[in-house]
Amino acid sequence: MKEIDKYTEDLVDKMMSESFLVSPSVDFTSRIMNQVLVAEKSKIKVYKPLISKSTWVFIGLGLIALSIYSIFDSSDIVSLGTPKIYSDKCSALFSGLHFSKNILYAILIVPFMVLIQIGILKNYFDKKYDL
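Not measured: the values here are computed from a predicted model.

Calculation criteria
Residues numbered from 1 in each chain as written. Predicted model: local features only at pLDDT ≥ 70, side-chain atom pairs only at ≥ 80, totals over all residues. Heavy atoms only, no water. Helix = DSSP H or I, 4+ residues; strand = E, 2+ residues; numbered from the N terminus. Buried < 20%, exposed > 50% of the residue type's maximum accessible area, 1.4 Å probe, protein only. Areas by Shrake-Rupley, 256 points an atom, 1.4 Å probe, with all protein chains shown as cover. pLDDT = per-residue confidence, 0-100. Salt bridge = Lys/Arg side-chain N within 4 Å of Asp/Glu carboxyl O. Polar contact = N/O pair within 3.5 Å; in protein donor to acceptor, adjacent residues only side chain to side chain. Patch = residues over 30% accessible without salt bridge, like charges linked within 9 Å, V, L, I, M, F, W, Y side chains within 5 Å. Lys, Arg positive; Asp, Glu negative; His and termini not counted. Charge placed at Lys NZ, Arg CZ, Asp CG, Glu CD. Expected span 1.5 Å × (residues − 1). Bend = angle between axes of the 7 residues up to and from the residue.

Engineer: What is the right way to look at the overall build of the chain in this model?
Structural biologist: Each helix and strand counted, the chain has five helices and zero strands in total. Counting from the amino terminus, the chain carries its helices and strands in the arrangement α-α-α-α-α. Within the chain, the fraction of its 131 residues that count as buried is 2%. Accessible area of the chain: about 13,100 Å², with a carbon and sulfur share of 69%.

Engineer: Hey, could you run me through the confidence of the model for the chain in this one?
Structural biologist: The predicted structure's coordinates, where accompanied by low pLDDT, should not be read in detail. Here the chain averages 78 in pLDDT, while 80% of its residues score no lower than 70. Model confidence for the chain, summarised as mean pLDDT per element, is weakest for helix H4 (residues 84-93) at 64 and strongest for helix H3 (residues 53-72) at 87.

Engineer: How should I be thinking about the pattern of salt bridges in this particular structure?
Structural biologist: Oppositely charged side chains may form a pair once their charged atoms are brought near each other. Taken as a whole, this structure holds one salt bridge when the rule is applied. Taking the shortest distance from any N to any O, the salt bridge between Lys122 and Asp126 comes out at 2.9 Å. Here Lys122 and its partner Asp126 are both found in helix H5 (residues 101-128), four residues apart, which amounts to about one turn of the helix. Residue classification places Lys122 among the partly exposed positions, given a relative accessible area of 39%.

Engineer: What is the right way to read the environment of Asp126 from this model?
Structural biologist: Judged by relative accessible area, which is 17%, Asp126 ranks as buried. Between the C-alpha atom of Asp126 and that of Tyr47, which follows or precedes it by 79 residues, the distance is 9.6 Å. Here Lys122 takes part through its side chain, which lies 2.9 Å from a polar atom of the side chain of Asp126.

Engineer: Teacher, can you tell me more about a negative patch on the surface here?
Structural biologist: A grouping of Asp5, Glu9, Asp10 and Asp13 is seen on the molecular surface, where their side chains present a negatively charged patch. Taking relative accessible area as the criterion, Asp5 reaches 45% and is therefore assigned partly exposed.

Engineer: Looking at this structure, I do not really get a nonpolar patch on the surface. What am I missing?
Structural biologist: A grouping of Leu93, Phe94, Leu97, Phe99, Ile103, Leu104 and Ile107 is seen on the molecular surface, where their side chains present a nonpolar patch of about 710 Å² in accessible area. The element contributing the most residues to the nonpolar patch is H5, with three residues. Looking at where Leu104 falls in the secondary structure, it is placed in helix H5.

Engineer: Looking at this structure, I do not really get H5. What am I missing?
Structural biologist: For an α-helix the count is 3.6 residues per turn, leaving residues at separations of three or four pointing the same way. Its 28 residues give H5 an end-to-end C-alpha distance of 40 Å, which sits within 8% of 40 Å, the value for a rise of 1.5 Å per residue. At Ile109, H5 shows its maximal bend, which comes to roughly 30°, and the proline Pro111 appears one to four places after that position. Count one or two residues on from H5 and you reach Asp130, which has phi positive near 50°.

This is the structure in structure tokens:
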């Protein structure tokens, strides 16, 4: 093992004695910094959301209006233009299903909680990445 180390050391000494010291040019640092600045400028992307705020407002107002309409409208589902045959088949298909109150609450509450978490996470990442 010591013989291999000595051989490696002799080889390195020989290579170092044959090579000469290369120094960089005078404006080396300024050229590197210019290249770094150009690379940083090319990486910057402007944040643009997929769905604009006005679209979210429109979707929210539409859902609120639909909810209010469905709460206060006492007419049957058939009067909305759904054919009676289709309505009968759907009611027959789902007539055997019965959900407990816990399941119904989960079905109603979980989507709202997911939407709230999306908003909180979006704000967190916006602050983290200064968008």
